[in-house]
Amino acid sequence: MKHIIILGDGMADWPVKSLGDKTLLQYAKTPYMDMLARMGRNGRLQTVAEGFHPGSEVANLSVLGYNLPKVYEGRGALEAASIGIDLKPGEMAMRCNLICVEGEILKNHSSGHITTEEADVLIQYLQEKLGSDRVTFHTGVSYRHLLVIKGGNKQLDCTPPHDVPLHPFRPLLVKPLTPEAKETADLINELILKSQDLLKDHPLNLKRIAEGKDPANSIWPWSPGYRPKMETLSDTFPQIKSGSVISAVDLIRGIGYYAGLHRLDVEGATGLYDTNYENKVAAALEALKTDDFVYLHIEASDEAGHEGDVALKLKTIENLDSRAVGPIYEAVKDWKEPVAIAVLPDHPTPCELRTHTSDPIPFLIWYPGITSDSVQTYDEVAACEGDYGVLKGDEFMKEFMHSNQ
Ligand SMILES: [Zn+2]
């Protein structure tokens, strides 16, 4: 049996008053997901282990069955893999945002969502001026870049910049958690302040200001870590001889790299509402012909949740149903080698809250011949009655991968 996980990032939500106290999954028209829930088995999964923040990297690692305390090394290390940086022993990677500061205030974490092309000019400039044998800057995507420090000590207290818009930045500079980490903290803080000196008069920023855009006038490194000690999925699940991940998001592609999955590039995969569902589905079906396992990640609902836009999020859920789950089910239902399908989000992103929560998420598993439970629809409430109950750790992945027994 082959296996595909279809993940709608941040799709779970809370009951919404304007929807008659239904959740978005309850309210949205999702005939395919409801059918698979009805024909398959359901449950809930605790994707955020105790002591961890409900980030997408944390939740997606959990979905894939990884033991977070053992493997978690922060975002930088995952994103490094995504952009092809092979971290060596002793190298510490950090997510390095290009942020906008105004005087003493951290105005925003994204420099007004600067384009990758513009950001690349600034990151290369920083590399030229601040790079050394020890310190390297690498361009990522939009405002999300990478700082690698040889011999860096990761025992640092760093602040995610999206958590502190409009706060004074100086009290939020990096603090060492141990005396040994002081040298690393000092180095990073020095780089932050030097970057501000270098970037404030950069022609590209002057042009942005003239156009009424936020300048990208400071770096903000956070989430430090080393190369994760992750087993590949094939090591853990020998029936996965070959697998693929399809995602527009660096973090998920990075997880895929360490999990030993092929990372498929899909034209028009944007990580937003306008993502090319048809191309992603085509890539997933093509991969399933030769692979045993496909992880299809679609970011759109999470973005809508962060915007607090209920109507838009409903649309992304209905798109996932009609343009991903439906076509995949219709394509594989009669394959000679049966395909197991799982549908789930990584974590809730309630529109009301506009950020992630750690609540357990609803999942469904279907494959030809599965014994169904009593659940009739796919949503947060119905999943509570599912036969799987509430799973945690690697229990979901184990259930899914043994679904041919
Ligand atoms: Zn997520």
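Remember, predicted model here, so these are calculated numbers, not experimental data.

Colleague: How do you make sense of the coordination of the zinc ion when you look at a structure like this?
Modeller: Four donors placed tetrahedrally around a metal ideally meet at 109.5 degrees, and six donors placed octahedrally ideally meet at 90 or 180 degrees. Taken together, the protein donors to the zinc ion comprise D9 (OD), D9 (OD), S56 (OG), D346 (OD) and H347 (NE2), at separations of 1.9 to 2.7 Å. The sequence pattern describing where the donors of the zinc ion fall on their chain is D-x46-S-x289-D-H. Of this pair, D9 sits in the loop between strand 1 (2-8) and helix 1 (24-27) while H347 is found in the loop between strand 14 (339-344) and strand 15 (361-366), placing the two residues 338 residues apart along the sequence. Each member of the pair, D9 as well as H347, is classed as buried.

Colleague: Can you help me understand the side chain of N108 in this one?
Modeller: Locating N108 in the fold gives a position in strand 4 (residues 105-108). Look at N108 and you get buried, because its relative accessible area is 15%. At 3.2 Å, the side chain of N108 and the backbone nitrogen of S110 are in polar contact. In this structure, N108 is in contact with I99, C100 and D214, ignoring residues within four places of it in sequence.

Colleague: Explain helix 5 (residues 75-82) here, please?
Modeller: Every α-helical turn comprises 3.6 residues, leaving residues that sit three or four positions apart pointing alike. The element helix 5 is largely enclosed, with a buried count of eight among its eight residues. Among all positions of helix 5, only R75, G76, A77, L78, E79, A80, A81 and S82 are buried. Turning to helix 5, the residues buried within the fold contact helix 3 (56-63), strand 3 (91-102), strand 6 (144-150), strand 10 (218-225), helix 10 (250-258) and strand 12 (262-263). A positive backbone phi angle near 85° is found at G84, which sits one or two residues after helix 5.

Colleague: Even after reading the chapter, I still don't get the packing of aromatic side chains, so can you show me in this structure?
Modeller: Both the distance between ring centres and the angle between the ring planes are used here to describe each pair of aromatic rings. Tallied over the entire structure, the rule returns seven aromatic pairs. With a centroid separation of 5.1 Å and 80° between ring planes, the pair formed by Y257 and Y258 is classed as edge-to-face. Judged by relative accessible area, Y258 falls into the buried class, the value being 6%. Here the aromatic cluster, defined as three or more aromatic residues joined through ring pairs, consists of F363, Y388, F396 and F400. The cationic tip of R144 hangs over the ring face of Y143; the distance from NZ or CZ to the ring centre is 5.4 Å.

Colleague: For this particular structure, what's the right way to read the pattern of salt bridges?
Modeller: Pairing is possible between side chains of opposite charge, provided their charged atoms come close. Counting across every chain of the model gives 22 salt bridges. Taking the shortest distance from any N to any O, the salt bridge between K107 and E102 comes out at 3.5 Å. For K107, a relative accessible area of 27% puts it in the partly exposed group. Connected through shared salt-bridge partners, E102, K107 and D214 make up one network.

Colleague: Would you take a moment to explain helix 11 (residues 277-290) for this structure?
Modeller: For helix 11, built from 14 residues, the straight-helix expectation of 20 Å at 1.5 Å per residue is met to within 8% by its first-to-last C-alpha distance of 21 Å. Of all the positions in helix 11, only Y277, K280, V281, A283, A284, L285, A287 and L288 are classed as buried. The inward-facing, buried residues of helix 11 abut strand 1, strand 11 (243-246), strand 13 (293-298), helix 12 (300-306), helix 13 (310-332) and strand 14. Backbone nitrogen of E278 and a side-chain oxygen of the N-cap are separated by 3.3 Å at the start of helix 11; the cap is N276.

Colleague: Can you walk me through the nonpolar core in this structure?
Modeller: Generally speaking, soluble globular proteins have nonpolar side chains that are buried together. I5, L233, F293, I341, L344 and F396 are the most contacted members of the largest nonpolar core, which has 93 residues in total. The greatest single-element share of this core, amounting to nine residues, is contributed by helix 13. Filtering out sequence-adjacent residues up to four positions away, F293 remains in contact with H3, I5, L64, L233, I240, S242, G243, S244, L261, M397, F400 and M401. The next biggest cluster of nonpolar side chains, apart from the first, holds 37 residues, and it includes V164, V174, A181 and L191.

Colleague: Just checking my understanding: could you explain the environment of M92 for this structure?
Modeller: On the secondary structure map, M92 appears in strand 3. Given the relative accessible area of 0%, M92 is considered buried. Along the backbone, M92 and I149 are 57 residues apart, and their C-alpha atoms lie at a distance of 5.2 Å.

So, how was this worked out
- Note on numbering: residues in each chain are counted from 1, in written sequence order.
- For this predicted model, a pLDDT threshold of at least 70 governs which residues receive local features, and a threshold of 80 or more governs which side-chain atom pairs are given and counted, while totals over whole chains, interfaces and linings are taken from all residues.
- Derived side-chain values reflect all non-hydrogen atoms in the structure, with water molecules and hydrogen atoms excluded from consideration.
- With water excluded from the atoms, a metal site may look incomplete; its donors are any N, O or S atoms within 2.8 Å, or within 3.2 Å for Na, K and Ca.
- Strands here are runs of E lasting at least two residues and helices are runs of H or I lasting at least four, both read from the DSSP assignment and numbered beginning at the N terminus.
- Relative accessibility decides the category of a residue: with a 1.4 Å probe and only protein chains considered, values under 20% of the type maximum give buried, values over 50% give exposed, and everything between is partly exposed.
- Residues adjacent in sequence count toward polar contacts only when both atoms are side-chain atoms; beyond that, a polar contact is any pair of N or O atoms within 3.5 Å, and within protein one must be able to donate a hydrogen and the other to accept it.
- We call two residues contacting when some pair of their heavy atoms lies within 4.5 Å.
- Working definition: rings of Phe, Tyr and Trp (its six-membered ring) pair if their centres are within 6.5 Å, and the pair is stacked with planes under 30 degrees apart, edge-to-face with planes over 60 apart, and tilted otherwise.
- Placement of a positive charge over a ring is assigned whenever Lys NZ or Arg CZ falls within 6 Å of the ring centre and within 35 degrees of the normal to the ring plane.
- What makes a salt bridge here is a side-chain nitrogen of Lys or Arg within 4 Å of a carboxyl oxygen of Asp or Glu, nothing more.
- Multiply 1.5 Å by the residue count of a helix minus one, and that product is the helix's expected span.
- Here, nonpolar core refers to any group of buried Ala, Val, Leu, Ile, Met, Phe, Trp, Tyr and Cys residues whose side-chain atoms link them within 4.5 Å.

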